[in-house]
Amino acid sequence: MTHEEKRAWIRLVVAVVAYAAYVVTILRRADGGPLPDVPYAAALLWTIGGAIGAAILAEIGMAIVNPRASRVIDVRDKEIGRLGDYTGQAFVAIGALAAMLMAVAEWDRFWIANVIYLFFVLSAVLSDVAKIILYRRSVPEW
């Protein structure tokens, strides 16, 4: 498994776990009440910051465990990274459009913030899944 594939696995797991932790936190705080009344901003920011920190620490840990691993990025790694990123970017655009429409419709800020976060997570997950699949199979030739 290449260094870049390991990084994709780390980012995938961290994104899923962090978002799941955020959802559980919000649902516990709601305690059966309306979700827009839940104080979400701190949990949202801590979850995002924690995910970034966890991914960095996991990558550092990966480097410590296997210090001699090659970190050379070849043409195949670049192509897989590009295709994975392009695949995930669709969800960023969809999330931005959804948030814009929700703002125009004057939805509560809770829903707007959460749809943006959800689509960022979906973008990261789709991008990393695409990269892992491309590493396991092959890069399509056009």
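Residues numbered from 1 in each chain as written. Predicted model: local features only at pLDDT ≥ 70, side-chain atom pairs only at ≥ 80, totals over all residues. Heavy atoms only, no water.

J.: What exactly am I supposed to notice about the UniProt feature "transmembrane region" (unreviewed entry) in the protein chain here?
T.: Taking the numbering used here, the UniProt-annotated feature "transmembrane region" (unreviewed entry) corresponds to residues 9-28, 40-65, 86-105 and 111-134. The span residues 9-28 shows a helical share of 100% and a strand share of 0%, and its end C-alpha atoms are spaced 29 Å apart. Between the first and last C-alpha atoms of residues 86-105 the distance is 29 Å; the span itself is 95% helix and 0% strand. (UniProt positions renumbered as here; feature names shortened; annotations may be inferred. Helix = DSSP H or I, 4+ residues; strand = E, 2+ residues; numbered from the N terminus.)

J.: Teacher, can you tell me more about the domain arrangement of the protein chain here?
T.: Interface size, as often reported, equals the accessible area lost upon joining of the parts. Each assigned domain of the protein chain is listed with its residue range as follows: domain 1 (1-31), domain 2 (39-71) and domain 3 (73-141). When each unit is reduced to the centre of its C-alpha atoms, the spacing between domain 2 and domain 3 is 19 Å. With both chains or domains summed, domain 2 and domain 3 bury close to 460 Å², and 71% of this area falls on carbon and sulfur atoms. In terms of surface lost to domain 3, no three residues of domain 2 exceed Tyr40, Leu44 and Arg71, which account for 80% of the buried area on that side. In this structure, the connection of domain 2 to domain 3 is made through 0 salt bridges. The tally of links from domain 2 across to domain 3 stands at 0 residue pairs in polar contact (both at pLDDT 80 or more). Here the residues of the side of domain 2 that touches domain 3 sort into 3 nonpolar, 1 polar and 1 charged. (Domains from an automatic or database assignment. Buried area = accessible area lost by both parts, 1.4 Å probe. Salt bridge = Lys/Arg side-chain N within 4 Å of Asp/Glu carboxyl O. Polar contact = N/O pair within 3.5 Å; in protein donor to acceptor, adjacent residues only side chain to side chain. Nonpolar A, V, L, I, M, F, W, Y, C, P; charged D, E, K, R; others polar.)

J.: Would you mind showing me how to read the pattern of salt bridges here?
T.: Oppositely charged side chains can pair when the atoms bearing their charge come close. The full count for this structure, using the stated rule, is 6 salt bridges. The closest approach of N and O atoms between Glu59 and Arg7, which form a salt bridge, is 2.9 Å. One end of the pair, Glu59, is in helix α2 (residues 41-65); the other, Arg7, is in helix α1 (residues 3-30), with 52 residues separating them in the sequence. Residue Arg7 is classed as partly exposed on the basis of its relative accessible area, which comes to 24%. A network of salt bridges, in which partner residues are shared, links Glu4, Arg7 and Glu59. (Buried < 20%, exposed > 50% of the residue type's maximum accessible area, 1.4 Å probe, protein only.)

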